[in-house]
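Residue strings, one per chain:
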Amino acid sequence: MHLRFLLFPSLILTLTSCAELTDLHCANINWYNFGYQTGLDGKPASVITGEAGICRASATPPREDLALQGYRVGLENYCTPTNAFRIGQRGEELSSFCMPEKLSLMRQPYQSGLQDLRLSEQIKGLEAERDRLQDQRDRADTDEDRRAEIRRDIRALDRRIDRLGDRRLLLAFIN
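Structural notes, computed from the coordinates. What you see as residue numbers is a count from 1 along each chain, following the sequence as written. Per-residue local features are limited, in this predicted model, to residues with pLDDT of at least 70; the limit for side-chain atom pairs, both in listing and counting, is 80 or more; totals at the level of whole chains, interfaces and linings are taken over all residues. With hydrogens and water stripped out, all remaining heavy atoms of the structure feed into the side-chain values.

Some thoughts on the overall build of the protein
Point 1. Here a strand is any run of E in DSSP of at least two residues, a helix any run of H or I of at least four, and the numbering for each starts at the N terminus. In terms of regular secondary structure, the protein is built from seven helices and zero strands.
Point 2. Along the chain direction, N to C, the helices and strands of the protein fall in the order α-α-α-α-α-α-α.
Point 3. In what follows, a contact means two residues having at least one pair of non-hydrogen atoms within 4.5 Å. Here the contacts in the protein between residues at least 6 apart in sequence split such that 62% fall between residues at least 24 apart.

Description of the packing of helix H2 (residues 31-40) against helix H4 (residues 64-78)
Point 1. Axis lines are fitted to C-alpha atoms, over the contacting stretch for helices. Their N-to-C directions set the angle, which ranges from 0 to 180 degrees. Running from N to C, H2 and H4 point in directions that differ by 30°, and their axes come no closer than 6 Å. Between H2 and H4, the angle falls in the class roughly parallel. Judged by the twist between their axes, the crossing of H2 over H4 is right-handed. The segment H2 lies against H4, with Trp31, Tyr32, Gly35, Tyr36, Thr38, Gly39 and Leu40 engaging Leu66, Ala67, Gln69, Gly70, Tyr71, Val73, Gly74, Leu75, Asn77 and Tyr78.
Point 2. Note that Gly is not counted as nonpolar here; it falls among the polar residues with everything else outside the nonpolar set of Ala, Val, Leu, Ile, Met, Phe, Trp, Tyr, Cys and Pro and the charged set of Asp, Glu, Lys and Arg. Of the residues that constitute the contact of H2 with H4, the class distribution is ten nonpolar, seven polar and no charged. Here is the rule for angles: anything less than 35 degrees is roughly parallel, anything more than 145 is roughly antiparallel, 65 through 115 is roughly perpendicular, and the remaining ranges are oblique. Here is the rule for handedness: rotate from the far helix to the near one, and if that takes an anticlockwise turn smaller than a right angle the crossing is left-handed, while a clockwise turn gives right-handed.

Notes on the state of the cysteines
Point 1. Whenever a pair of cysteine sulfur atoms sits within 2.5 Å, that pair is classed as a disulfide. In this structure the tally under the stated criterion is two disulfides.
Point 2. With its sulfur 2.0 Å from that of its partner, cysteine 26 forms a disulfide with cysteine 55. Torsion about the S-S bond of the cysteine 26 and cysteine 55 cystine: about -85°, corresponding to left-handed handedness. Here the residue cysteine 26 occupies a position in helix H1 (residues 2-28), and cysteine 55 occupies one in helix H3 (residues 46-56), the gap between them amounting to 29 residues. Across the pair, cysteine 55 and cysteine 26 agree in class, each one buried.
Point 3. The connectivity of the disulfide bonds within the protein can be written as 1-2, 3-4, using the sequence rank of each bonded cysteine. Working definition: with a 1.4 Å probe on protein chains only, accessible area under 20% of the residue-type maximum means buried, over 50% means exposed, and in between means partly exposed.

A closer look at the packing of aromatic side chains
Point 1. Put simply, two rings from Phe, Tyr or Trp (the six-membered ring, in Trp's case) pair if the centres are within 6.5 Å, and we call them stacked under 30 degrees between planes, edge-to-face over 60, tilted for the rest. Throughout the structure, instances matching the rule amount to one aromatic pair.
Point 2. Ring geometry for tryptophan 31 against phenylalanine 34: centres 6.0 Å apart, planes inclined by 85°, an arrangement best described as edge-to-face. Here tryptophan 31 and its partner phenylalanine 34 are both found in helix H2, three residues apart, which amounts to about one turn of the helix.

Overview of a positive patch on the surface
Point 1. Surface patches are drawn from residues lacking salt bridges whose relative accessible area is over 30%; two like charges belong together within 9 Å, two nonpolar side chains (Val, Leu, Ile, Met, Phe, Trp, Tyr) within 5 Å. All accessible-area figures derive from a Shrake-Rupley calculation using a 1.4 Å probe, and residue coverage is judged against the displayed protein chains alone. Any carboxyl oxygen of Asp or Glu within 4 Å of a side-chain nitrogen of Lys or Arg constitutes a salt bridge here. Positive charges come from Lys and Arg alone, negative charges from Asp and Glu alone, with His and the N- and C-terminal ends not counted. Note on charges: their place is set at NZ of Lys, CZ of Arg, CG of Asp or CD of Glu. Together, Arg152, Arg155, Arg159, Arg160 and Arg163 make up a region of like positive charge exposed at the surface.
Point 2. Checked against the element boundaries, arginine 163 lands in helix H7 (residues 144-174).

Digging into H2
Quick reminder: α-helices carry 3.6 residues per turn. Residues three or four places apart thus point the same way.
Point 1. All of the buried residues along H2 are Trp31, Gly35, Thr38 and Gly39. Angularly, the buried residues of H2 cover 95° about the axis, an arc narrow enough to put them on a single face.
Point 2. In the analysis that follows, any N or O atom pair within 3.5 Å is treated as a polar contact, provided that within protein one partner can donate a hydrogen and the other can accept it, and provided that, for residues neighboring in sequence, both atoms belong to side chains. Structurally, the start of H2 carries an N-cap: the backbone nitrogen of tyrosine 32 is 3.2 Å from a side-chain oxygen of asparagine 30.
Point 3. Remark: glycine 42 follows H2 within two positions and exhibits a positive phi of approximately 75°. This arc is taken over the directions from the axis of the helix to the C-beta atoms.

A few points about the nonpolar core
Point 1. Counting 18 residues, the largest nonpolar core has Trp31, Leu75, Tyr78, Cys79, Cys98, Met106 and Tyr110 as its most contacted members.
Point 2. Elements with a contribution of two residues or more to this core: H3, H4, helix H5 (81-89) and helix H6 (100-138).
Point 3. Those residues within four positions of leucine 75 in sequence are excluded, and the remaining contacts are Gly39, Leu40, Gly42 and Phe97.
Point 4. Buried residues of nine kinds, namely Ala, Val, Leu, Ile, Met, Phe, Trp, Tyr and Cys, make up a nonpolar core once their side-chain atoms join them within 4.5 Å. If you look at the next biggest cluster of nonpolar residues, it comprises eleven residues, including Phe85, Leu133, Ile154 and Leu157.

Here we look at the side chain of threonine 142
Point 1. Within the secondary structure, threonine 142 is located in the loop between H6 and H7.
Point 2. Beyond its immediate sequence surroundings of up to four residues, threonine 142 is in contact with Gln136, Arg137, Arg147 and Ile150.

Here is the structure:
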C-alpha cells in the first residue's frame with residue numbers, strides 16, 4: 001500500500017522531466033541545420049517528419065519547412081560522385097534517396113571507394129606481418145641465416161605495400 005504512494009509521485013516526476021526535456025530540445029533545435037545534416041547523411045526525409053511529430057506536442061512548434069529546405073541542400077551534397085567515393089572508403093552503404101540520374105553517376109566512385117577500403121585493409125595486414133617479422137628478426141635467438149631470410153621477406157612486403165599504396169593513390173586521383 002505504501003509502495004503505491006511512493007511510485008505514483010516518482011512516475012509523475014519522470015513524465016514531467018521527459019516533457020521538459022522534449023520542450024527544451026524542440027526550443028533549441030535549428031531546423032534548417034537538422035534537415036541539412038539529415039540530407040547530408042543520406043537519410044530519408046521521414047526522419048524530419050518524425051522529429052517534427054515529437055515537437056508538435058511541445059511548447060515550440062516545429063519548422064518542417066526550414067528542415068526540408070536544409071534537407072534538399074544536404075541531399076544535393078550527399079548525392080555527388082566525390083561523396084560516393086568517401087562513403088565506399090568508410091564501407092558504408094550507399095543511400096537510395098538520390099535521384100536515379102545522380103545515383104548512376106555515384107555507383108562507379110562508390111565501387112572505387114570500396115576497392116580503396118579493401119586495399120587499405122590489405123596494407124594494414126601486410127604492415128602487421130612486416131612488424132611481426134621485424135620483431136622476429138630483432139630477437140637475440142635468431143641466427144644470421146634466418147635474419148637474412150627475414151630481411152628479404154620484409155623487403156618483399158615493403159614492395160607489396162608500396163604497390164598497393166600506388167593503387168590507392170591512382171583510385172583517389174581518378175575519383
